[in-house]
Amino acid sequence: MINYEGSFTDASSLKVGIVIARFNDLITTKILSGCLDCLKRHGIDVSENSKNLDIVWVPGSFELPIAAKALLNKSRYDVLIALGAVIRGETTHYDVVISEASKGISNVANKSEIPIIFGVLTTDNMQQALERAGIKNNLGWNYGLQAIEMGNLMKKLK
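Residues numbered from 1 in each chain as written. Predicted model: local features only at pLDDT ≥ 70, side-chain atom pairs only at ≥ 80, totals over all residues. Heavy atoms only, no water.

**Things to note about the overall build of the protein**
Thought 1: Tallying secondary structure elements over the protein gives five helices and four strands in all.
Thought 2: Traced from its N-terminal end to its C-terminal end, the protein shows the element sequence β-α-β-α-β-α-β-α-α.
Thought 3: Whereas a compact globule of 158 residues would reach a radius of gyration of roughly 15 Å, the protein reaches 15 Å, a difference of no more than 12%.
Thought 4: For the protein, the C-alpha atoms occupy an extent of roughly 50 × 40 × 30 Å along the three principal directions.
Thought 5: Looking at the 158 residues of the protein, the share that counts as buried comes to 46%.
Thought 6: With an accessible surface of roughly 8,500 Å², the protein has 51% of that area assigned to carbon and sulfur atoms. (Helix = DSSP H or I, 4+ residues; strand = E, 2+ residues; numbered from the N terminus. Rg over C-alpha atoms; globule rule 2.2 N^0.38 Å. Buried < 20%, exposed > 50% of the residue type's maximum accessible area, 1.4 Å probe, protein only. Areas by Shrake-Rupley, 256 points an atom, 1.4 Å probe, with all protein chains shown as cover.)

**A short note on the packing of helix 2 (residues 64-74) against helix 3 (residues 93-112)**
Thought 1: It is the contact of helix 2 with helix 3, at a shortest axis distance of 8 Å, that shows an interaxial angle of 20°. When the axes of helix 2 and helix 3 are compared, the pair comes out roughly parallel. The element helix 2 and its partner helix 3 pack so that their crossing is right-handed. Mapping the contact onto sequence places Leu64, Pro65, Ala68, Lys69 and Leu72 in helix 2 and Glu100, Ala101, Gly104, Ile105, Val108 and Ser112 in helix 3.
Thought 2: Within the contact of helix 2 with helix 3, the residues separate by chemical class into seven nonpolar, two polar and two charged. (Axes fitted to C-alpha atoms, helices over the stretch in contact; angles between N-to-C directions. Parallel < 35°, antiparallel > 145°, perpendicular 65-115°, else oblique. Left-handed = near helix turned anticlockwise from the far one by under 90°. Contact = heavy atoms within 4.5 Å. Nonpolar A, V, L, I, M, F, W, Y, C, P; charged D, E, K, R; others polar.)

**A word on the pairing of strand 3 (residues 79-87)**
Thought 1: For strand 3, a buried count of nine out of nine residues is recorded, marking the element as mostly surrounded by other parts of the structure.
Thought 2: When strand 1 (residues 16-21) meets strand 3, the two strands line up parallel, connected through five bridges. Pairing of Ile20 across the sheet is with Leu83, part of strand 3.
Thought 3: Summarising the sheet, strand 3 and strand 4 (residues 116-123) pair through eight bridges and their orientation is parallel. Considered in strand 4, the bridge of Gly84 is made with Val120.
Thought 4: Between the parallel elements strand 3 and strand 4, the chain passes through helix 3 in a crossover that is right-handed. (Pairing = 2+ DSSP bridges. Right-handed = clockwise from strand over helix to strand, strands pointing away.)

Below you can see the structure in the form of structure tokens.
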């Protein structure tokens, strides 16, 4: 039996793409900051001149899948990270946006065979979103770790 696992030790060779929603940017910029901190601490160059990291901003979480698809068509990535924040409001718009964003990202990942980390917060209110973006715990760090693990795992499986 062969047991495959992704590692966290050296991520310096991983090519990472991040697609991030501008809507609710108070939250998404904090998540991005946590994610970049994780990637940097694991050896990925996150500077503006980085050859291993690209960041694409889109208007909202609904647009994440099409940007992820375009990014994957542009270059060869080991892993993508989709970041967004969808906060429930007074209408059913929340349900539509998160449903389409999650289905779209899943479809792009399955067709491309490149993992896409689903880093879209879905919360009932702004307080919950703020807690997940850094007041208590920045989930951006977790999304960065997931990307490193999956990127390294996929390299082993190829």
